[in-house]
Amino acid sequence: AVVSTQSTGMTPQERHVLDWHCANLEFANAAPLSALSLKNWDQDDDFEFTGNHLVVHDGMSKIPEELSKGLNIRYNTACVGIKYGDEGVEITTREVSQLNNGWANNTTETTTADAVLLTIPLGVLKKEKLKFEPPLPDWKTSAIKRMGFGNLNKVVLCFNKVFWDPSIHLFGHVSNSTISRGELFLFWSVSKAPVLIALIAGEAATVIETVPDEAIVGRAMTILRAIFGFQTVPQPCKHRVTRWRGDPWALGSYSYVAAGSSGNDYDDLARPVAPVNAASGQPRLFFAGEHTIRNYPATVHGAMLSGLREAGRITDQFVGPPYET
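Residues numbered from 1 in each chain as written. Predicted model: local features only at pLDDT ≥ 70, side-chain atom pairs only at ≥ 80, totals over all residues. Heavy atoms only, no water.

Together, Val 56, Met 60, Leu 67, Val 300 and Met 304 line one region of the surface with nonpolar side chains, adding up to about 420 Å² of accessible area. In this structure, Val 56 sits in the loop between α2 (12–29) and α3 (62–67). Residue Val 56 is classed as partly exposed on the basis of its relative accessible area of 31%. (Patch = residues over 30% accessible without salt bridge, like charges linked within 9 Å, V, L, I, M, F, W, Y side chains within 5 Å. Areas by Shrake-Rupley, 256 points an atom, 1.4 Å probe, with all protein chains shown as cover. Salt bridge = Lys/Arg side-chain N within 4 Å of Asp/Glu carboxyl O. Helix = DSSP H or I, 4+ residues; strand = E, 2+ residues; numbered from the N terminus. Buried < 20%, exposed > 50% of the residue type's maximum accessible area, 1.4 Å probe, protein only.)

This part covers the sheet that holds strand β3 (residues 103–113). With mixed pairing, the four strands of this open sheet are ordered in space as β3-β2-β1-β5. In this open sheet, the two strands that pair with only one neighbour each are β3 and β5 (131–133). Strand-to-strand twist across the sheet, computed as the mean angle between neighbouring axes with direction ignored, equals 20°. Here eight bridges tie strand β1 (residues 77–85) to strand β2 (residues 88–96), and the two strands are oriented antiparallel to one another. Across the sheet, Ile 82 pairs through a bridge with Ile 91, a residue of β2. (Pairing = 2+ DSSP bridges. Axes fitted to C-alpha atoms, helices over the stretch in contact; angles between N-to-C directions.)

With that settled, the discussion passes to the pairing of β2. Taken together, β1 and the strand that follows it, β2, pair antiparallel across an intervening segment of two residues. Summarising the sheet, β2 and β3 pair through seven bridges and their orientation is antiparallel. If you follow Glu 90 over to β3, its bridge partner there is Thr 112. Between β2 and β3, which pair antiparallel one after the other, the connecting turn spans six residues, and Asn 101 there sits at a positive phi close to 65°.

Next up, the structure:
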């Protein structure tokens with residue numbers, strides 16, 4: 001909601017600063033404040049890791065690259081259906097075109113296994129394009145619907161030189177408008193390279209996805225030149241703008257506790273599913289990802305920890321615990 005400065009007793013400058021802090025909260029949650037659960041939005045705060053923030057050398061992509069070594073990964077292949085029962089699972093896939101994210105052909109392929117671990121983003125689960133046979137139980141689909149899946153976008157600007165103080169790793173921009181408070185409100189400098197990363201949060205994160213790159217970069221340059229001076233700031237030599245809500249394989253960035261939701265929904269999203277009326281009661285569907293870990297949602301480390309959790313759970317189910325019970 002937009003609140004006038006007269007009704008709050010704040011000066012316009014005070015209101016702008018408050019808007020900046022609201023944008024920072026919307027960045028942390030990947031959602032407008034109006035979408036959050038007032039009671040439960042910060043339910044994971046007590047579990048935050050202590051210590052300094054660190055940057056992965058050569059980028060975050062090094063983590064999946066190292067973890068995937070030796071694995072048989074099927075690229076450009078989408079899962080479109082999962083059939084599960086007492087005997088195991090049957091997974092149906094289709095090849096994806098690299099040109100337009102559409103289907104490369106009309107053929108499907110089927111793979112069988114004892115169980116399947118789903119790390120599909122919550123945004124894709126919400127879209128219900130993946131068909132389960134039998135359908136997921138109500139407690140699982142209800143948690144999927146209640147939990148929020150937000151949007152946060154970034155603008156990466158590469159320059160030929162560093163024109164900001166290299167000892168400063170972040171600086172903010174205070175908007176003159178409440179509506180656009182999350183638009184390029186924070187700039188990061190995370191390495192010695194002449195690169196800045198600008199954040200777009202809240203309502204602005206979705207609005208900006210319909211705007212062409214040139215206009216977004218132009219707006220960022222206007223802000224930077226207002227801060228550092230027109231002659232000081234060169235044009236970027238490269239740029240990259242994310243659009244996570246429009247990415248069909250993500251449909252957003254990360255989860256948040258929406259109004260009507262709670263940390264319990266993270267637990268339900270993590271719970272494995274057994275076939276209906278299964279004689280063995282053996283779960284066949286397992287779930288991991290940042291949206292399945294109550295204490296560390298919306299984080300890379302949370303996603304990794306959820307994977308380790310499920311690896312242990314699956315091993316215990318099908319191999320047995322490594323100790324006597």
